[in-house]
Structure formats: structure tokens, C-alpha cells
Amino acid sequence: MDIDYGKIRLYKDRIRIFFIIYFFGEECQDSSRPNCCKVLQSEVKIQKIDFLLRNPDYLAYELLELIKTGTVSKTEIRDVIKKIFVDNEPEVRRLEMEKFFFGAYEDIDHVIAFLISCGFIEYSSERDTSLRVIKKSYYVTDEADEKMAENLKSLGLSNWYVNRCGLIKKYFGDYSGSNLKALQYQIEEYRNTSYKEYITDIQELVKKQFFKEFGESL
């Protein structure tokens, strides 16, 4: 039987983007949307978290950088990064993203349209006087929240995304989309990627930094 990789990719995109909105959304207090329980008010944040989900080596690098702040457990960070590499995630889980004017980006309009059609999310945008979009809001519906509560423990292979969203939220959940973009631009390989080129992996850089920090090889 032929494998339809296009359908698999589409399914992954829908799951990933919905989980980002669901797990990183804040409590919704909009009286005009009584049927919604959460809202994420930034496409930039969706794109930057998506990049970390799709590039475990970059996530590992950002975790190493957190050690410098003195606010995290070095042992915990070490164990998380070791598992990422033992599980070969930088190869198995990598899903390339192109570099656009403001960093890693991929059009998610088709995914958002699907999630809206399923009744999982609602969407709104605001424009300035020049009709430029200045704010995008993604609302999780009560129906979607109920389905997640019912099925969260039986999601099978999708549990990796659940757990990874939890990990990213633990360490970077309070960061805005702009904050995450700034962090990613500090990495030379990311910053120097040309427009509409795929952002290169940084496995060797992470391995070097990990050895320098812990005296262990990945």
C-alpha cells in the first residue's frame, strides 16, 4: 500500500498548530465569545513555538542558554537534552522551516481554516488605518476543550506533541512571540540563513556546547 506522505504532513500540521493554540492559550474573558475558553493572541508566537517543535536541536540550544540565567536546574536540562539526542529527535522529528523577513515562517491559513470548520477554534483579526493586520486572535472553543479532556490520555502517537508542548511551556511559556524571535535570531546559523532558504540544523553546535557545559558527549 502506498503511503500518502502529503496527507500525513497535513495531519501533523493540524495537530501541531491546534496543540500550540490549546496549550499556550490563556483563559478567555471575552464576553462576546461565551463559547470559548482560551485565546492565543499572536501568530508570531505560534510560528516561533512551531519552530521549536519542528527543530529539537534548536530547542536543546535554547535550553542550554537558559542555564546561563541561573533560574533552571542544570541536571534537569542535561537529562532533557540527552533524551532528545538519544531518541534521535533532531533527525526523526525535524520538519524544516523556511526563513522569511522575520524569521522562521510557514503559512498556516489552511490549517486555521480547517480548525474553524471543525468547530475547534474561532479567529479574529484587527487592522490599522492602512488596513494592515496588527493583531490576530485564536480562540479555543468549549467543544474542543471538552474533546481534549475526554481524549487527552488516549492520543497515541500524538502524545509526543502534548509532552513537547508541556516542556516548551514550562521553560518558555511566559515568552512573547517577539521574545522567542529575538532568542532565535541570536543563533548565527538561524540569523544568517538567506530569505526563503531552509534554516540549517545546529546539532554539532549543540553537541559542542553540551560537552563544554557538562563534560559529556551527546
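Every value quoted in this text rests on a predicted model; they were computed, and no experiment measured them. Residue positions are given per chain, counted from 1 along the sequence in the order it is written. In view of the model being predicted, local features appear only for residues whose pLDDT reaches at least 70, and side-chain atom pairs are presented and counted only at 80 or more, with totals across whole chains, interfaces and linings using the full set of residues. Excluding hydrogens and water, the side-chain figures rest on all heavy atoms present in the structure.

Chemist: Hey, could you run me through the overall build of the protein chain in this one?
Modeler: On a plain count of helices and strands, the protein chain comes out with eleven helices and six strands. Taken against the 2.2 N^0.38 rule, which gives 17 Å for 218 residues, the C-alpha radius of gyration of the protein chain at 18 Å falls within 12% of a compact globule. For the protein chain, the residues scored as buried account for 41% of the 218 residues in total. Under the convention used here, a 1.4 Å probe and the Shrake-Rupley method define accessible areas, while residue burial counts only the protein chains that appear. Taken as a whole, the protein chain presents about 12300 Å² of accessible surface, with 50% of it coming from carbon and sulfur. Secondary structure elements follow DSSP: runs of H or I no shorter than four residues count as helices, runs of E no shorter than two count as strands, and numbering proceeds from the N terminus. With the radius of gyration taken over C-alpha atoms, the globule rule is written as 2.2 Å times the number of residues to the power 0.38. Each residue is assigned to one of three classes by its accessible area relative to the maximum for its type, calculated with a 1.4 Å probe on protein chains only: buried under 20%, partly exposed between the two thresholds, exposed over 50%.

Chemist: Help me out: how do you make sense of the packing of aromatic side chains in this one?
Modeler: Aromatic ring pairs are described here by two measures, namely the spacing of the ring centres and the angle between the planes. By convention, a stacked pair of Phe, Tyr or Trp rings (six-membered ring in the case of Trp) has centres within 6.5 Å and planes under 30 degrees apart, an edge-to-face pair has planes over 60 apart, and any other such pair is tilted. Counted under the stated rule, the structure contains 16 aromatic pairs. Here F18 and F19 contribute two aromatic rings whose centre-to-centre distance is 6.2 Å and whose plane-to-plane angle is 50 degrees, an arrangement assigned as tilted. Comparing F18 with F19, the two get one shared label, buried. Ring geometry for F100 and Y105: centres 5.4 Å apart, planes at 75 degrees, overall edge-to-face. Given a relative accessible area of 31%, Y105 falls into the partly exposed group.

Chemist: In this structure, what is going on with the layout of surface pockets? I would like to understand it.
Modeler: In this approach a probe as big as a water molecule rolls over the atoms, and the regions it shows empty are the leftover space. What the second largest pocket holds in volume is close to 270 Å³. What lines the second largest pocket is a set of 14 residues, and nearest its centre among them are I15, F18, F19, F120 and M148. Of all the secondary-structure elements, those providing two or more residues to the lining of the second largest pocket are α1 (5–24), α6 (109–117) and α7 (142–151). If you tally residues by element for the lining of the second largest pocket, the top one is α1, at five residues. We call Asp, Glu, Lys and Arg charged. Ala, Val, Leu, Ile, Met, Phe, Trp, Tyr, Cys and Pro are nonpolar, and the rest, Gly among them, are polar. When its residues are assigned to classes, the lining of the second largest pocket shows eleven nonpolar, one polar and two charged. Residues are said to line a cavity or pocket when one of their atoms sits within 4 Å of a point; the points come from a 1 Å grid over protein atoms alone, cavities being sets where a 1.4 Å probe fits but cannot get out and pockets being open sets with protein on both sides within 12 Å along at least five of seven lines. Grid points are joined across faces, edges and corners, and a volume is the space filled by probe spheres set on the points.

Chemist: So what exactly am I meant to see when it comes to a nonpolar patch on the surface here?
Modeler: The patch calculation keeps residues exceeding 30% relative accessible area without a salt bridge and links them within 9 Å when they carry like charges or within 5 Å when they are nonpolar (Val, Leu, Ile, Met, Phe, Trp, Tyr). A pair is scored as a salt bridge if a Lys or Arg side-chain nitrogen falls within 4 Å of a carboxyl oxygen belonging to Asp or Glu. There is a patch of nonpolar side chains on the surface, built from I3, Y5 and I8 and spanning about 330 Å² of accessible area. Relative to the assigned elements, I8 resides in helix α1.

Chemist: I'm lost on the side chain of D57 in this one. Help?
Modeler: Among the structural elements, D57 can be located in helix α3 (residues 56–67). We treat Lys and Arg as the positive residues and Asp and Glu as the negative residues; His and chain ends play no part in the count. Here D57 sits buried without a salt bridge, and the closest side chain of opposite charge, R94, lies 4.5 Å off (N-O distance). When near neighbours in sequence (up to four residues on either side) are disregarded, D57 contacts P90, R94, D201, I202, Q203 and V206. Note on contacts: a residue pair is in contact if any heavy atoms of the two residues lie within 4.5 Å.

Chemist: What is the right way to look at the nonpolar core in this model?
Modeler: For soluble globular proteins, the rule of thumb is that nonpolar side chains tend to be buried together. Buried residues of nine kinds, namely Ala, Val, Leu, Ile, Met, Phe, Trp, Tyr and Cys, make up a nonpolar core once their side-chain atoms join them within 4.5 Å. Ranked by internal contacts, the top residues of the largest apolar core, which has 57 residues, are F19, I21 and L63. Of all the elements, α1 adds the most residues to this core, at nine residues. Excluding anything up to four places from it in sequence, F19 contacts F24, M148, L155, S158, Y161, V162 and C165.

Chemist: Got a minute to help me understand α1 in this structure?
Modeler: Over its 20 residues, α1 extends 28 Å from the first C-alpha to the last, a length consistent with the 28 Å expected when each residue adds 1.5 Å. Those residues of α1 that sit buried are D13, I15, R16, I17, F18, F19, I20, I21, Y22, F23 and F24. As used in this structure description, the phrase polar contact means that two N or O atoms lie within 3.5 Å; if the pair is within protein, one of them must be able to donate a hydrogen and the other to accept it, and residues adjacent in sequence are counted only when both atoms belong to side chains. Measuring from the side-chain oxygen of the N-cap residue of α1 to the backbone nitrogen of G6 gives 3.1 Å; that N-cap residue is D4. Any helix carries an expected span of 1.5 Å times its number of residues minus one.

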